[in-house]
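# Secondary and tertiary structure notes
These are the residues of each chain, in order.
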Protein chains: 2
Amino acid sequence: MSAMYPIPMLPGPVSVPDEILAAMRHNYPSGDLETDFFKLYAITGRGLARLMGTRNDVVIMTGEGMLVLWAALKSCLKPGDKVLAAVTGIFGDGLGDMAAGIGCEVRKFCLDYNKTLGDLAPLEKMLEDFSPDMIIAVHCETPSGTLNPLEDLGRIARQHGSLFCVDAVSSIGGVDIQADAWGIDVLLGGSQKCLSAPPSMSFLSISPPAWERIERTGYQGYDALIPWRSIDGEYTCPYTPYWHGLAALHAGVQRILREGPERVFARHGEVALQCRDGLQELGIELWPAPDSTPAPTVTAALVPTGITWHEWRARLRARGLVVGGSLGPLAGKVFRLGHMGSQAEQRLMTDALAVLREAL
Amino acid sequence: MSAMYPIPMLPGPVSVPDEILAAMRHNYPSGDLETDFFKLYAITGRGLARLMGTRNDVVIMTGEGMLVLWAALKSCLKPGDKVLAAVTGIFGDGLGDMAAGIGCEVRKFCLDYNKTLGDLAPLEKMLEDFSPDMIIAVHCETPSGTLNPLEDLGRIARQHGSLFCVDAVSSIGGVDIQADAWGIDVLLGGSQKCLSAPPSMSFLSISPPAWERIERTGYQGYDALIPWRSIDGEYTCPYTPYWHGLAALHAGVQRILREGPERVFARHGEVALQCRDGLQELGIELWPAPDSTPAPTVTAALVPTGITWHEWRARLRARGLVVGGSLGPLAGKVFRLGHMGSQAEQRLMTDALAVLREAL
């Protein structure tokens, strides 16, 4: 049986605290039948809504984060619909490709993968010409370790009558998000990042205009959202619900609410700063450009010169530190420290930085 | 926190034994990175293949059983494809509707919901006229408590060049299934029935002709099968894998293999017989017709005359016994005892029958 790494620094799945594992230890009765399950569902949804800064409905599904990405696109869009993807990294590019894969006409507003959204004038121009049904963006571009400011994009989306859908899988619960104030119609999250639970559950908030579109689209599937619209009132799920998974997610939410979301967000910011300062002290170059916003949940840096990613990873692993590589064009070039959820701890980061120093 | 019922007799999710819960207690490292995870995936797949009687590939996905139902239909079929659904109950009817929902031309071969497949001549006639791309059937019709014999249907499907897809969610691991001998191309299962794990994982076997069709269809989504074709060789999942869920499913498979599948299947048959005999002794009428095959995993019976289903359920619950109702046209009329997986125990059935006697 494999044990968690001595110094876990992957950008998800993160190390799961005992109190969250404890929630999975029970022999629960049937979630289909017990009002206790639906109460837990409602409480967990309200807690998530608080972390997402929304009064919209929150739906919680059984499946990894990719489930809600597909759920949002397939439930809201039909072939031929127009989608504008704000691309500042691999995940944003992938979201655009997913929309294209279901037959949408997709245009991408692309920045370099070490940049974050800033001057939106060219994007707004594109938007005026294209009139998309939906704008999609990624809040925390995990592979790049960057965080896109979204407030202005949401305002623009609303002005143009486009739905605004945001992948915030690796930021919800670690970063202050104000979905309603920022005009986000569909906000996507997962259990294994800042919520510190295993990768079994995913969730999303859905605005009234998004619900309208979902009803109109009428999509059917495991990832269909329609059946979830009335779950609170009717106490029926489209499939047997997973009590253990919901209980773990609930424990993850409670952990944040108990400490206080503001304190948790501040802690993420502090540890991220500690990480960036520490890396720069060691002469390791950060990946995000100086004028972009680094993510408070994950830090991306260049693999030190004179060593391959595989060697670097092996050296760190030999000392107990497990970090992430990156993906696509960043693979082999960028490594990442995930300091989100249970891993946003100053002491853990101190240990990680000590290993990095030794390994250089 | 809700505790499992004193006498759990729901036809899934079943009571989860301690040894399976124990597998979920660990703080596992990243399933994306560790070869231990992929070894566990391969071992679990081989164990499931043995229970399914197949040498075909087995894919294990994160999500409830409905996930693999959609995965099979959407990955194999395109709009306009022809599907013949053998309908002997609510689930078979629903599978046909799911295929229609994705744009297939669906014909249903329907029997009364208390019957099982027998004389296939009229179905074969339909098949000759219709030449379907796929035949779909349900092995254990859970809402009816019946088990369809499938060998002859598989032979006919093969003769006509149709793919044969079977929902065996509530029979795999409790009933002898010989997918290869019976000519089943796609066999669908879930974790929370005879495998005695929580409802987090689902799995399916895929024959070479089914893989060919899946490649041709090119479907994309959370439930897409293409990315899983090479998971053994390449060690990559289309999303972050769920180690806790796989470990629970693995523990469920091992539990059966340790006791011996033949012994486990025999035990299911014995407890089912005990259930049917016990109910009939109490004057409770069985739902399946005398010339149909009752399921060894779940028994359906008529709610006693002179009492509503809601009253009946309440009386049983008051004595610690929780049974299932039924669905669709059987709702309110039929109740069910699920004696599958951990619940296929003679002593538990004796307790259940004692409660039923008291409650009459």
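Residues numbered from 1 in each chain as written. Chains lettered and ligands numbered in written order. Predicted model: local features only at pLDDT ≥ 70, side-chain atom pairs only at ≥ 80, totals over all residues. Heavy atoms only, no water.

## A few points about the interface of chain B and chain A
This is how it is decided: We call two residues in contact when some of their heavy atoms are within 4.5 Å. Throughout, buried area stands for the accessible area (probe radius 1.4 Å) lost by two parts on being put together, summed over both. Think of a salt bridge as a Lys or Arg side-chain nitrogen and an Asp or Glu carboxyl oxygen that are within 4 Å of each other. As used in this structure description, the phrase polar contact means that two N or O atoms lie within 3.5 Å; if the pair is within protein, one of them must be able to donate a hydrogen and the other to accept it, and residues adjacent in sequence are counted only when both atoms belong to side chains. A run of H or I in DSSP counts as a helix once it spans at least four residues, and a run of E counts as a strand once it spans at least two, with each numbered from the N terminus. In this count, Pro and Cys sit with the nonpolar residues alongside Ala, Val, Leu, Ile, Met, Phe, Trp and Tyr, while Asp, Glu, Lys and Arg are called charged and the others, Gly among them, polar.
On the side of chain A, 47 residues touch chain B, which itself brings 47 residues to the contact. Taken together, both faces of the contact between chain B and chain A bury some 4000 Å²; the carbon and sulfur share is 60%. Three residues, Ser2(B), Asn27(B) and Tyr222(B), lead the burial of chain B against chain A; their summed loss comes to 16% of the area buried on that side. Where chain B packs against chain A, one counts 2 salt bridges. As a salt-bridge pair, Arg317(A) and Glu34(B) come within 2.7 Å of each other at their nearest N and O atoms. Linking chain B with chain A are 21 residue pairs in polar contact (both at pLDDT 80 or more), by the criterion used here. Listed by contribution, the elements that provide at least two residues to the side of chain B that touches chain A are α3 (66-76) and α9 (243-259) of chain B. Of all the elements, α3(B) adds the most residues to the side of chain B that touches chain A, at 4 residues. Class assignment for the residues of the side of chain B that touches chain A results in 25 nonpolar, 14 polar and 8 charged.

## Topic: the environment of Asn56(A)
Residue and element names in this part refer to chain A. Following the sequence through the fold, asparagine 56 ends up in the loop between α2 (35-52) and β2 (57-62). Through-space distance from the C-alpha of asparagine 56 to that of alanine 179 is 9.0 Å; in sequence the pair is 123 residues apart. Leaving out residues up to four positions away in the same chain, asparagine 56 has contacts with Asp180, Ile184, Asp185, Ile206, Ser207 and Pro208.

## Details of the sheet that holds strand β4 (residues 105-110) of chain B
Whenever strands of a sheet pair, they do so through backbone hydrogen bonds, lying parallel or antiparallel. Residues and elements named next belong to chain B. The criterion, for reference: For two strands to count as paired, DSSP must find a minimum of two bridges between them. Lines fitted to C-alpha atoms define the axes here, with helix axes fitted over just the stretch in contact, and angles between the N-to-C directions of these axes take values from 0 to 180 degrees.
One open sheet holds the 7 strands; their spatial order is β2-β10-β9-β8-β5-β3-β4, and the pairing between them is mixed. The open sheet has two edge strands, β2 (57-62) and β4, and neither has a second partner. Adjacent strand axes in the sheet meet at a mean angle of 20°, parallel and antiparallel pairs treated alike. In terms of strand pairing, β2 meets strand β10 (residues 201-206) through 6 bridges, oriented antiparallel. For methionine 61, the partnering residue across the bridge sits in β10 and is serine 202. The strands touched by helix α5 (residues 121-130) within the sheet are β3 (82-87), β4 and β5 (134-138), with β3 carrying the most contacts at an inclination of about 170°.

## Some thoughts on the environment of Gly89(A)
All names here are of chain A. Note the following rule: Burial classes follow relative accessibility: with a 1.4 Å probe on protein chains only, a residue under 20% of its type's maximum area counts as buried, one over 50% as exposed, and anything between as partly exposed.
With respect to the secondary-structure elements, glycine 89 resides in the loop between β3 (82-87) and α4 (90-101). On the basis of relative accessible area, glycine 89 is assigned to the buried category, the value being 0%. As for glycine 89 and isoleucine 43, which are separated by 46 residues in sequence, their C-alpha atoms are 34 Å apart. Once residues within four sequence positions are removed from consideration, glycine 89 is found in contact with Tyr113, Glu141 and Ser144.

## Considerations on α5(B)
Two residues of an α-helix separated by three or four positions point the same way, owing to the 3.6 residues in each turn. Residue and element names in this part refer to chain B. Convention followed: The directions considered for the arc run from the helix axis to the C-beta atoms.
Along α5, the residues classified as buried are Leu123, Leu127 and Phe130. One face of α5 carries all of its buried residues, which in axial projection span an arc of 80°. Looking at the buried side of α5, the elements it contacts are β3, β4, β5 and α6 (151-159). One or two positions beyond α5, positive phi appears at serine 131, with a value near 45°.

Scope: geometric values only; no functional claims are made or implied.
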